Amino acid sequence: MPVLRSLALTLAMGVAVLPVGAMPTDQSVSTLQEDAYIIGPGDVLDLKLFDAKELSGSLEVLNDGSVPLPLVGSVRLSGLTLQQATQWVQQLLSEELLRPDLQLRVVKPRPIRVALVGQVERPGIYSLTTSEASTAEGVVNTISGLPTVVDAIQKAGGITQNANLRGVVLQRRLPGTESELSHKQTELDLLDLVLDGNQSQNPFLFDGDTIRISKAEETPEEAMELAAVNLSPQVISVNVIGEVLKPGSVQLQANTPLVQAVLAAGGPKNWRASTGNVELVRINRNGSATLKKFRIDLEEGASNEKNPPLRDGDSVKVNRSTLARASDAINAVSQPLGGLVQIWTLFRLINTY
């Protein structure tokens, strides 16, 4: 009976009720920062009745969103803000007590679970607490205090080089029961955060938030600057093979351009390397591979067309020059002939004696 009364109270309090799957409404970042905490399963609440201390104590929100309320029984609080829950508990207890003067507060909030979608290294659902450490790409990221958008991105391994940081969408549910579920959303400019320090673009997260990072049309001009910030994986591994002095796996800073990777492998061999025929092989997320050819130009800045920033797992091949191919072909033919000449010389020496 008390559980069923939660819907009537929610409606009475003016909570926005939209059909399930309703389109999110756009909100400004400042409005998002003012959102109230929504009670959910796993929260531990403290109920303090000033005129009935024997009924005071902690209340743990169960998986079904209910708490055992003294004198009333099981009551659903999940989906309500703390203020709404306080008013409702007070209304229910007023039927049992003369003057239920009370205080309801959260003493142990549940872990925050958020979904990261799009251009992050490891998309998925992540659990964030107020104090934890995560290791990504060899770098330990420590969360101390309430988690933010940047904390979530770091735990997901950082952004990809195709991330559109000027249009990061944060979607958040509104108060209400599951059958009344609706959302709102805002657009964040993380470039404004990392380049100019605008902290308003890094709001605190709530349980159930979804962060969507779309794909940018082009690599931003600030790509090299972004490689140094903690939104990106700090180290990537790239295979550089072919006509370089030190072929093999090379550890590089994230978003390092193609030319720098070749130089990190010792640079192209003087006459054997074809600087106009360098291949980049990349494995895509769907399992397919792409191959593109580039020309090495030491004066070229980072760009998708001429000097692309590299991803973890890329392979770079510096092909042979025309002179090197001709030289290798001559050696391949002359080596067997050299063996025949030595055998003929030995045969003549034996016949001499």
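Residues numbered from 1 in each chain as written. Predicted model: local features only at pLDDT ≥ 70, side-chain atom pairs only at ≥ 80, totals over all residues. Heavy atoms only, no water.

Asker: How should the overall build of the protein be read in this particular structure?
Answerer: What the protein contains, in helices and strands, is 8 helices and 18 strands. Residues counted as buried form 43% of the 353 residues belonging to the protein. Taking the contacts inside the protein whose residues are at least 6 apart along the sequence as the reference set, 61% of them involve residues at least 24 apart. Summing over all exposed atoms, the protein offers an accessible surface of approximately 19000 Å²; the carbon and sulfur share of this is 53%. (Helix = DSSP H or I, 4+ residues; strand = E, 2+ residues; numbered from the N terminus. Buried < 20%, exposed > 50% of the residue type's maximum accessible area, 1.4 Å probe, protein only. Contact = heavy atoms within 4.5 Å. Areas by Shrake-Rupley, 256 points an atom, 1.4 Å probe, with all protein chains shown as cover.)

Asker: Any chance you could explain the sheet that holds strand β16 (residues 273-283) here in plain terms?
Answerer: Whenever strands of a sheet pair, they do so through backbone hydrogen bonds, lying parallel or antiparallel. Reading across from one edge, β15-β14-β18-β16-β17 is the order of the 5 strands in this open sheet, with mixed pairing throughout. In this open sheet, the two edge strands, each paired with only one partner strand, are β15 (248-253) and β17 (289-294). Pairwise comparison of adjacent strand axes, ignoring direction, gives a mean angle of 25° for this sheet. (Pairing = 2+ DSSP bridges. Axes fitted to C-alpha atoms, helices over the stretch in contact; angles between N-to-C directions.)

Asker: In this structure, what is going on with the packing of aromatic side chains? I would like to understand it.
Answerer: The geometry of an aromatic ring pair comes down to the distance between the two centres and the angle between the two planes. Taken as a whole and assessed by the stated rule, the structure comprises 0 aromatic pairs. Above the plane of the ring of Trp271 lies Arg272, whose end atom (NZ or CZ) is 5.5 Å from the centre. (Phe/Tyr/Trp six-rings, centres within 6.5 Å; stacked < 30°, edge-to-face > 60°. Lys NZ or Arg CZ within 6 Å of the ring centre and 35° of its normal.)

Asker: Can you walk me through the sheet that holds strand β3 (residues 57-60) in this structure?
Answerer: As summarised here, the arrangement of the 3 strands in space is β3-β2-β6, forming an open sheet in which the pairing is antiparallel. Unpaired on one side and paired on the other, β3 and β6 (102-108) mark the two borders of the sheet. The average angle at which neighbouring strand axes cross in this sheet is 30°, direction not considered. Sheet topology places strand β2 (residues 44-49) next to β3; 4 bridges connect them, and they run antiparallel.

Asker: I tried to follow the environment of Ile213 on my own but got confused; where do I start?
Answerer: Examined against the element boundaries, Ile213 turns out to sit in strand β13 (residues 210-213). Since its relative accessible area comes to 3%, Ile213 is described here as buried. Between the alpha carbons of Ile213 and Leu165 there is a distance of 7.2 Å; along the sequence they are 48 residues apart. Once residues lying within four places of it in the same chain are set aside, the contact partners of Ile213 are Val117, Gly118, Gln119, Val120, Ile153, Ile159, Ala163, Asn164 and Val168.

Asker: Looking at this model, I keep getting lost on the side chain of Arg272. Mind explaining?
Answerer: Secondary-structure assignment places Arg272 in the loop between α7 (258-264) and β16. For Arg272, a relative accessible area of 17% translates into the label buried. Of note is the side chain of Arg272, whose polar atom sits 3.0 Å from the side chain of Glu243. (Polar contact = N/O pair within 3.5 Å; in protein donor to acceptor, adjacent residues only side chain to side chain.)

Asker: Looking at this structure, how should I read helix α3 (residues 82-93)?
Answerer: An α-helical turn contains 3.6 residues, so a residue and the one three or four places further along point in the same direction. Between its terminal C-alpha atoms α3 stretches 16 Å, which fits the 16 Å expected from 12 residues at 1.5 Å a residue. When α3 is considered as a whole, its buried residues turn out to be Gln84, Ala85, Thr86, Trp88, Val89, Leu92 and Leu93. (Expected span 1.5 Å × (residues − 1).)

Asker: Can you help me understand the nonpolar core in this one?
Answerer: One broad rule of soluble globular proteins: the nonpolar side chains tend to lie buried together. Grouped together as the largest cluster of nonpolar side chains are 24 residues, with contacts concentrated most on Leu116, Ile153, Leu165, Leu190, Leu205, Ile211 and Ile213. Among the secondary structure elements, those contributing two or more residues to this core are β7 (112-118), β8 (124-128), α4 (149-155), β11 (168-173), α5 (190-196) and β13. In terms of residue count, the dominant contributor to this core is α4 (4 residues). Sequence-distant contacts of Ile211, defined by excluding residues within four places in its chain, comprise Ala115, Leu116, Val117, Val149, Ala152, Val168, Val169, Leu170 and Leu205. (Core = buried A, V, L, I, M, F, W, Y, C linked by side-chain atoms within 4.5 Å.)

Asker: Would you explain the pairing of strand β4 (residues 66-69) in this entry?
Answerer: Side-chain direction in a regular strand flips from residue to residue, so the side chains alternate between the two faces of the sheet. Here β4 pairs with strand β5 (residues 73-76) via 4 bridges, running antiparallel. If you follow Val67 over to β5, its bridge partner there is Val75. Where β4 folds back onto β5 in an antiparallel hairpin, the turn is made up of 3 residues, including Leu71, whose phi is positive at roughly 70°.

Asker: Explanation requested: unusual backbone geometry in the structure shown.
Answerer: Generally, phi is negative for residues other than glycine and the peptide bonds are trans, each holding for most cases. Of note, Leu71 is a non-glycine position whose phi angle comes to about 70°, a positive value. Among the structural elements, Leu71 can be located in the loop between β4 and β5. Since its relative accessible area comes to 48%, Leu71 is described here as partly exposed.

Asker: So what exactly am I meant to see when it comes to the confidence of the model for the protein here?
Answerer: The predicted coordinates ought not to be read in detail in places where the model reports low pLDDT. Per-chain confidence: the protein averages 79 in pLDDT, with 74% of residues scoring 70 or above. Mean pLDDT across the secondary structure elements of the protein bottoms out at helix α1 (residues 5-12), with 42, and peaks at β13, with 95. Per-residue pLDDT stays below 50 along residues 1-21; that stretch engages in 41 contacts with residues further than four places along the chain or on separate chains. (pLDDT = per-residue confidence, 0-100.)

Asker: Would you take a moment to explain the pattern of salt bridges for this structure?
Answerer: Oppositely charged side chains are able to pair whenever their charged atoms sit close together. The full count for this structure, using the stated rule, is 11 salt bridges. With a closest N to O distance of 2.5 Å, Arg110 and Asp43 form a salt bridge. Of this pair, Arg110 sits in the loop between β6 and β7 while Asp43 sits in the loop between α2 (29-33) and β2; the two residues are 67 residues apart in sequence, bridging distant segments of the chain. (Salt bridge = Lys/Arg side-chain N within 4 Å of Asp/Glu carboxyl O.)

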